[in-house]
Amino acid sequence: LFIFKFCLSISDYTTILCLLAMYASILTACQFLLFLSGVAAFAPSPGASNVRAHSTKLDAEKIAKDVSGEELEVMLQEWEQPLVLDAYATWCGPCLLMAPHFEEAAQELEGKVRFVKMDTDKEPEMANRLNIMGLPTLMYLDQLTPEDSDEPGDAKAVLKDKIEGALTKESIVDLCNFHFFGGPRPTALS
């Protein structure tokens, strides 16, 4: 209402059109955020009263640790378990929506698969080396075995899969079972 009262006193039609376009943009952004908040696949798990309470609970007992580029380099040279890397950014909406699902998958597969997160804004060189083009990106990595390699080299890891876009816990776990433990190929990812 304030915008329209303000516009009535302005004789410049260009300014009026600009203000109306800005108002429409704000409405569109709000509708998009409301749409995202209603996506059932990324709703908080049952028992969590809200997303903030849910993420606070996970922060206290995180299995999926944030790593630097140097720490990731060491992990890719010294293998203990298969590795799932979540390349994310703190400003990325889908990354934030997927974070609790990634942590829940890490908790379910604790001791079998190592889950790590890397902030691409803090590690742009490593993100570039890994060819991260979209966020979030999940990389499923395993130890290089002789049958995986055609030629000898310094590489110790093999990329089993690279997925751009947010996934639910179930899809993350299903992909781990497929790539690392001989489970069936998931037919649909969510």
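First, a word on scope: everything that follows refers to the structure included in this document. Not measured: the values here are computed from a predicted model.

The rules behind these values
Residues numbered from 1 in each chain as written. Predicted model: local features only at pLDDT ≥ 70, side-chain atom pairs only at ≥ 80, totals over all residues. Heavy atoms only, no water. Helix = DSSP H or I, 4+ residues; strand = E, 2+ residues; numbered from the N terminus. Buried < 20%, exposed > 50% of the residue type's maximum accessible area, 1.4 Å probe, protein only. Pairing = 2+ DSSP bridges. Right-handed = clockwise from strand over helix to strand, strands pointing away. Disulfide = S-S within 2.5 Å. Core = buried A, V, L, I, M, F, W, Y, C linked by side-chain atoms within 4.5 Å. Axes fitted to C-alpha atoms, helices over the stretch in contact; angles between N-to-C directions. Parallel < 35°, antiparallel > 145°, perpendicular 65-115°, else oblique. Left-handed = near helix turned anticlockwise from the far one by under 90°. Contact = heavy atoms within 4.5 Å. Nonpolar A, V, L, I, M, F, W, Y, C, P; charged D, E, K, R; others polar. Expected span 1.5 Å × (residues − 1). Bend = angle between axes of the 7 residues up to and from the residue. Polar contact = N/O pair within 3.5 Å; in protein donor to acceptor, adjacent residues only side chain to side chain.

### Here we look at the environment of Ser68
For step 1, the next point in the chain: The topology assignment puts Ser68 in the loop between strand 1 (65-66) and helix 4 (69-77).
For step 2, the next point in the chain: When its relative accessible area of 18% is taken as the criterion, Ser68 is described as buried.
For step 3, the next point in the chain: On a C-alpha basis, the gap between Ser68 and Met118 in space is 6.5 Å, while along the polypeptide they are 50 residues apart.

### Some thoughts on the pairing of strand 3 (residues 114-119)
On any regular strand, side chains alternate: one points to one face of the sheet, the next to the other face.
For step 1, the next point in the chain: Burial analysis of strand 3 places 5 of its 6 residues in the buried class, the great majority of the element.
For step 2, the next point in the chain: The pairing of strand 1 with strand 3 spans 2 bridges and is parallel. By the bridge assignment for strand 3, Lys65 is matched with Val116.
For step 3, the next point in the chain: Note that strand 2 (residues 83-88) and strand 3 share 6 bridges and pair parallel. Residue Tyr88 lies in a different strand from strand 3, and its bridge partner there is Asp119.
For step 4, the next point in the chain: You can see the chain leave strand 2, run along helix 5 (residues 93-108) and come back into strand 3, and the turn it takes is right-handed.

### What to know about the state of the cysteines
For step 1, the next point in the chain: One pass over the structure, following the stated rule, counts 1 disulfide.
For step 2, the next point in the chain: Residue Cys92 pairs covalently with Cys95 via a disulfide, S to S 2.5 Å. Here the S-S torsion is close to 80°, and the disulfide linking Cys92 with Cys95 is therefore right-handed.

### Digging into the sheet that holds strand 3
For step 1, the next point in the chain: Pairing is mixed across the open sheet formed by 5 strands, whose spatial order is 1-3-2-4-5. At either margin of the open sheet sits one strand with a lone partner, and together these are strand 1 and strand 5 (157-164).

### Here's the deal with the nonpolar core
For step 1, the next point in the chain: In this structure, Val84, Phe115, Leu138, Tyr140, Leu167, Ile172 and Cys176 are the most contacted members of the largest nonpolar core, which totals 18 residues.
For step 2, the next point in the chain: Contributions of two or more residues to this core are made by helix 5, strand 4 (137-143) and helix 7 (169-181).
For step 3, the next point in the chain: When residues of this core are assigned to their parent elements, the largest contribution, 5 residues, is made by helix 7.
For step 4, the next point in the chain: Among the nonpolar cores identified, the runner-up in size contains 16 residues, and Val67, Trp79, Leu85 and Leu130 belong to it.

### A short note on the packing of helix 5 against helix 7
For step 1, the next point in the chain: Interhelical geometry of helix 5 versus helix 7 gives an angle of 45° and a closest axis separation of 8 Å. As far as their axial angle goes, helix 7 and helix 5 are oblique. Here the hand of the crossing between helix 5 and helix 7 comes out right-handed. Contacts from His101, Phe102, Glu104, Ala105 and Glu108 in helix 5 reach Lys169, Ile172 and Val173 in helix 7.
For step 2, the next point in the chain: For the contact of helix 5 with helix 7, a count of residues per class yields 4 nonpolar, 1 polar and 3 charged.

### A word on helix 5
For step 1, the next point in the chain: In this model helix 5 runs 24 Å from its N-terminal to its C-terminal C-alpha over 16 residues, within 8% of the 22 Å that 1.5 Å per residue would give.
For step 2, the next point in the chain: A maximum bend of about 35° is found in helix 5 at Ala99, where proline Pro100 lies one to four positions downstream.
For step 3, the next point in the chain: All buried positions along helix 5 are accounted for by Cys95, Met98, Pro100, His101, Phe102, Glu103, Glu104, Ala105 and Ala106.

### Focus: the environment of Trp79
For step 1, the next point in the chain: If you trace the backbone, Trp79 turns up in the loop between helix 4 and strand 2.
For step 2, the next point in the chain: We classify Trp79 as buried; its relative accessible area is 15%.
For step 3, the next point in the chain: Sequence separation between Trp79 and Leu144 is 65 residues, and the spatial gap between their C-alpha atoms is 9.5 Å.
For step 4, the next point in the chain: Not counting the four nearest positions on each side in its chain, Trp79 is found in contact with Leu141, Asp142, Gln143, Lys156 and Ala157.
For step 5, the next point in the chain: Polar contacts involving the side chain of Trp79 include one to the main-chain carbonyl oxygen of Leu76, which spans 3.0 Å.
For step 6, the next point in the chain: A distance of 3.1 Å separates a polar side-chain atom of Trp79 from the backbone oxygen of Lys156.

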